Amino acid sequence: EGIVVADFTRVLIGPLLGKYLADFGATVIRIESRLALDQHRVTVPYKGEPNLNRSGIFPLLNSSKLSLGLNLSNQKGIDVARRLIAKCDVVLENFVPVMMERWGLAFGELEKIMPDIVMFRHSMQGQSGPFSRHPGFGWNVNALAGFNHLTGWPDREAIGPCVVYPDYNPAFLGVTAILAALDYSRRTGQGQYIDISQLEANLPLLSLPILDYTANGTIANRCGNKSPYAAPHNAYRCRGDDRWSAVAVETEEEWKALVQVMGNPAWADDPRFATLEGRKEYEEELDALLTAWTMEFSADEVMGRLQIAGIPAGVVQSTRDLLENDPQLKHRLHFQWLEQPDMGTALHQDWPAKLSETPSHIRPAPTFGEHTEYICTKMLGISDEEFVGLLGDGVVEVP
């Protein structure tokens, strides 16, 4: 509370970071324009007839924010942005490098407006270097970092993960960096400039294969659902239509517990399965034998029986499972339904972290330009006459 943020970001990383700050109490002002819409305002699925306020994904990434419709291709629009920044503690942006410079909103200029400003900049490969100007999204970084190469089956082409990991990790690193920068600026009165490369921020997630290559020259490859450190380790078909449970047995204690849960079948005494090395060597046969047992039960029953015995296991959940059936998410009220303007009831997600003294409070995402007049006249002190002029010139945009 009390922190004011100018959010120039689009698509996923920046909006997600801004959502975090907004849900936990900051005043986050989203700057957007019909001339350069955030793709998530025009991404399917829509709830009802398509328009800028009914995309299903937009509320998930922009809850609790205010929306300022502002045309930055007009110098008067840039002037309004500068007046807004003079009221802010933090500026967020994730354009291709040099865009903020073209608008005269580089860090050096922002410091002249607010000496203790914190500027967060995010791009694919940072603000400097030979590849800094390359535009792109998390899907591109999936390939550049190496996630794609490691995802899939060893005898097939890489398919890449269905989750765009690079679009999430920098957002949480960014929150941490911004909080540290705010603490520093409060103590010193000096601003802070944060430059996060999406590629570099995600390399720590691949630290093990990178270390293995650096130390041993080993080039990691795709291994499907297998693990070099565990067997059984796979997703196993269960009773029902396309129902599966993931099981990971890493220790001898877990293996013995699994055998006991299965009722000590005779095949478990086979010497080939007595050690991890043996179970890895005959893994396909082991998977077939375990599947014959898991198919006798529902995925939830398999998970429950194994977890009680101390064996890592989990249902391979569909979206419906996550929304309606996951007991942990239900208990923590992770999914919340809010009345979203122009959309009706819409789904929002809370945060995994529950803060006892400063809990999150999620509010609906804004409609396009919903708060333009309020921000200009109440926060920035623009007169009604000037506001009407800006509106007529296409500088500010309203719903």
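Everything here concerns the structure above.
Residues numbered from 1 in each chain as written. Predicted model: local features only at pLDDT ≥ 70, side-chain atom pairs only at ≥ 80, totals over all residues. Heavy atoms only, no water.

Some words on the pattern of salt bridges
Next, step 1: A complete count under the given rule lists 23 salt bridges for this structure.
Next, step 2: We note a salt bridge from D7 to K65, for which the minimum N-O separation is 2.9 Å. Placement of the pair is D7 in strand β1 (residues 4–7) and K65 in the loop between α2 (58–62) and β3 (66–70), with a sequence separation of 58 residues. Neither residue differs from the other here; D7 and K65 are each classed as buried.
Next, step 3: Counted as one network, the salt bridges with shared partners bring together R30, E32, D38 and R41. (Salt bridge = Lys/Arg side-chain N within 4 Å of Asp/Glu carboxyl O. Helix = DSSP H or I, 4+ residues; strand = E, 2+ residues; numbered from the N terminus. Buried < 20%, exposed > 50% of the residue type's maximum accessible area, 1.4 Å probe, protein only.)

As for the environment of N142
Next, step 1: Summarising the element assignment, N142 is placed in helix α6 (residues 138–145).
Next, step 2: Given a relative accessible area of 1%, N142 falls into the buried group.
Next, step 3: Along the primary structure N142 and G160 are separated by 18 residues, whereas in three dimensions their C-alpha atoms are 7.1 Å apart.
Next, step 4: Residues in contact with N142, not counting those within four places in the same chain, are F147, N148, P161, V163, V164, Y165 and P166. (Contact = heavy atoms within 4.5 Å.)

Regarding unusual backbone geometry
Next, step 1: Cis geometry is adopted by the peptide bond preceding P45, which originates at V44 and carries an omega value of 0 degrees.
Next, step 2: Looking at the secondary structure, you find P45 in the loop between β2 (27–32) and α2.
Next, step 3: A positive phi angle, near 55 degrees, is found at D242, a position not held by glycine.
Next, step 4: Turning to its location among the elements, D242 is positioned in the loop between β7 (233–237) and β8 (244–248).

Read these as spatial facts, not as claims about activity.
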